[in-house]
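Architecture at a glance
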Amino acid sequence: MTAYQPIRSAPDRVRSGRLFLLELSGGRIHTMNPDGSDRRMIVSDCRLPDGIAVDVEAGHIYWTNMGVPSRNDGSIERANLDGGNRMVIIPPGVAHTPKQVHLDKTGGKLYWSDREGMRVMRANLDGSHVETLIETGHGDADRADQTRWCVGITVDPVGGKFYWTQKGGDNANVGRILRANIEVPCGESPASRSDVETLFDGLPEPIDLELDVDNRILYWTDRGDPPNGNTVNCAAIDEADAAPQVLVTHLMEGIGIALDVPGNRMFVTDLGGSVYAADLDGSNKRTLLGAQGNLAGIAYAEI
């Protein structure tokens, strides 16, 4: 695949916005400026938070709590942008181990991957009408097979598709990125859909996904070993022969990724406790924070 040249419109003002950051090890949510300054803790006592999404219009953040995987007690919560008015919208037991989460504001849906639940799920923004869109296994025997575990999630409302990752075991190089139509085909079930496509396989450990809808570029983190792991990668989703490109290297088990497409920048976290920024082509990588515990999901929002 030829190196892509996404169309960028220069911003007509200085980009500001806020980052929202999950501290997995401390069970906390932080917000800060995109340069790492003015960091504030806004939520505490989370149960292994992993994925986060921001609804600026409604003034809400959503995040997943993995809970204890053996207990099937994961949950999803919502709060105001300042951490106030916190509430559980998906109670423990509905999702086994919810991981990364995506907000489809236009469709009024919250999507998430359920790792040990071996599912991709969605619900209304108030937590009602929970649906399973993908089911890759059922029961303890299937759960022991990590190739069935769903982790990352993003949605393409223009193309009518959603994308997710199944990472496989640690450094197993069996990770995959898949996609399917937003709606389950008529007469089919989440466990036996005919519209599931595998875009890429043989990946070290693909984790979080982000989509540049306008330029049709998919980005993802990979926490596996080098040369293709501990990286940020991208690929064009509308090219039949598209091959992944490595954009950023030398992460310490990369997890979260967030895009600011108009500002031509990405933000990335890793389990080593660092927050990075880089241009969308991977250049100009810089460290915003370091040694901040184990970091998971990250979201960017213009507020």
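This one's a predicted model, so the numbers in the text were calculated from it and none came from an experiment.

1. Focus: the nonpolar core
Among the nonpolar cores identified, the biggest contains 20 residues, and Phe-20, Ile-29, Ile-52, Ile-61 and Trp-63 are the most heavily contacted of them. When residues of this core are traced back to their parent elements, those giving at least two are β1 (18-23), β3 (40-43), β4 (49-55), β5 (60-65) and β24 (295-301). Element by element, the count of residues in this core is highest for β24, at three residues. With 16 residues, the next largest nonpolar core counts Val-232, Leu-247, Met-266 and Ala-278 among its residues.

2. Notes on unusual backbone geometry
The step from Pro-226 to Pro-227 runs through a cis peptide bond, and the omega angle for that step is 10 degrees. Tracing the chain through its elements places Pro-227 in the loop between β17 (217-222) and β18 (231-236). Not every positive phi belongs to a glycine, and Leu-48 is a case in point at roughly 55 degrees. In this fold, Leu-48 is placed in the loop between β3 and β4. Backbone geometry places Asn-85, a non-glycine residue, at a positive phi of 55 degrees.

3. Focus on the layout of surface pockets
The calculated volume of the largest pocket comes to roughly 1100 Å³. Taken together, 40 residues make up the lining of the largest pocket; nearest its centre are His-102, Glu-210, Leu-211, Leu-259 and Tyr-300. Its residues assigned to classes, the lining of the largest pocket shows 22 nonpolar, eight polar and ten charged. Roughly 200 Å³ of internal volume is contained in the second largest pocket. Lining the second largest pocket are 18 residues; nearest its centre among them are Asp-50, Met-66, Lys-99, Arg-115 and Arg-223. Listed by contribution, the elements that provide at least two residues to the lining of the second largest pocket are β8 (98-104) and β24. Grouping the amino acids of the lining of the second largest pocket by side-chain chemistry returns eleven nonpolar, two polar and five charged.

4. Comments concerning the pairing of β8
Buried residues dominate β8, accounting for seven of its seven residues. The pairing of β8 with strand β9 (residues 109-114) spans five bridges and is classified as antiparallel. By the bridge assignment for β9, Val-101 is matched with Trp-112. Linking two consecutive strands that pair antiparallel, namely β8 and β9, is a turn of four residues; a positive phi of about 70 degrees is found at Gly-108 within it.

5. Points about the packing of aromatic side chains
The tally for this structure, following the rule as stated, stands at four aromatic pairs. Taking 6.4 Å as the distance between ring centres and 35 degrees as the angle between the ring planes, the aromatic pair formed by Tyr-111 and Phe-162 counts as tilted. Of this pair, Tyr-111 sits in strand β9 while Phe-162 sits in strand β13 (residues 161-166); the two residues are 51 residues apart in sequence, bridging distant segments of the chain. Residue classification places Tyr-111 among the buried residues on the basis of a relative accessible area of 1%. In textbook terms, an aromatic cluster arises when at least three aromatic residues are bridged by ring pairs, as seen for Tyr-111, Phe-162 and Trp-164. One cation-aromatic arrangement involves Lys-285 over Tyr-276; the distance from NZ or CZ to the ring centre is 4.7 Å.

6. A short note on the side chain of Thr-31
Among the secondary structure elements, Thr-31 is positioned in strand β2 (residues 28-32). Residue Thr-31 is classed as buried on the basis of its relative accessible area of 4%. Polar contacts involving the side chain of Thr-31 include one to the side chain of Arg-18, which spans 3.2 Å. When near neighbours in sequence (up to four residues on either side) are disregarded, Thr-31 contacts Arg-18, Leu-19, Phe-20, Asp-38, Arg-39, Arg-40 and Ile-42.

7. Here we look at the confidence of the model for the protein chain
Averaged over every residue, the pLDDT of the protein chain is 94; residues scoring 70 or more account for 95%. Low pLDDT (under 50) marks residues 9-13, which in the prediction has three contacts with non-local residues, meaning those over four places away or in another chain.

8. What to know about the environment of Arg-115
For Arg-115, the location among the structural elements is in the loop between β9 and β10 (119-124). Linking Arg-115 and Lys-99, residues 16 residues apart in sequence, is a C-alpha distance of 6.5 Å. Residues in contact with Arg-115, not counting those within four places in the same chain, are Met-66, Pro-69, Thr-97, Lys-99, Trp-149 and Cys-150.

9. Re the sheet that holds β9
Strand order in the open sheet made by the four strands is β8-β9-β10-β11, with antiparallel pairing throughout. At either end of the open sheet lies a strand with only one pairing partner, and these are β8 and β11 (131-135). Across the sheet, the mean angle from the axis of one strand to that of its neighbour is 20 degrees, orientation sign disregarded. Where β9 and β10 come together, six bridges link them in antiparallel fashion. Along β10, the bridge assignment pairs Ser-113 with Val-120.

10. Points about the pattern of salt bridges
All chains considered together, the criterion is met by 27 salt bridges. Here Asp-195 and Arg-193 are joined by a salt bridge, their closest N and O atoms 2.8 Å apart. Comparing Asp-195 with Arg-193, the two get one shared label, buried. Among the ionic pairs, Asp-238 bridges to Arg-216, the shortest N-O distance being 2.8 Å. Placement of Asp-238 in the loop between β18 and β19 (245-248) and of Arg-216 in the loop between β16 (206-212) and β17 is noted, with a sequence separation of 22 residues between them. Using a relative accessible area of 52% as the deciding quantity, one classes Asp-238 as exposed. Residue classification places Arg-216 among the buried positions, given a relative accessible area of 18%. Linked through salt bridges whose partners overlap, the residues forming this network are Lys-167, Asp-170, Glu-205, Arg-223 and Glu-253.

Rules and cut-offs
- Residues numbered from 1 in each chain as written.
- Predicted model: local features only at pLDDT ≥ 70, side-chain atom pairs only at ≥ 80, totals over all residues.
- Heavy atoms only, no water.
- Core = buried A, V, L, I, M, F, W, Y, C linked by side-chain atoms within 4.5 Å.
- Buried < 20%, exposed > 50% of the residue type's maximum accessible area, 1.4 Å probe, protein only.
- Helix = DSSP H or I, 4+ residues; strand = E, 2+ residues; numbered from the N terminus.
- 1 Å grid on protein atoms, 1.4 Å probe; cavity = no way out; pocket = protein on both sides within 12 Å on 5 of 7 lines; lining within 4 Å.
- Points joined across faces, edges and corners; volume = space filled by probe spheres on them.
- Nonpolar A, V, L, I, M, F, W, Y, C, P; charged D, E, K, R; others polar.
- Pairing = 2+ DSSP bridges.
- Phe/Tyr/Trp six-rings, centres within 6.5 Å; stacked < 30°, edge-to-face > 60°.
- Lys NZ or Arg CZ within 6 Å of the ring centre and 35° of its normal.
- Polar contact = N/O pair within 3.5 Å; in protein donor to acceptor, adjacent residues only side chain to side chain.
- Contact = heavy atoms within 4.5 Å.
- pLDDT = per-residue confidence, 0-100.
- Axes fitted to C-alpha atoms, helices over the stretch in contact; angles between N-to-C directions.
- Salt bridge = Lys/Arg side-chain N within 4 Å of Asp/Glu carboxyl O.

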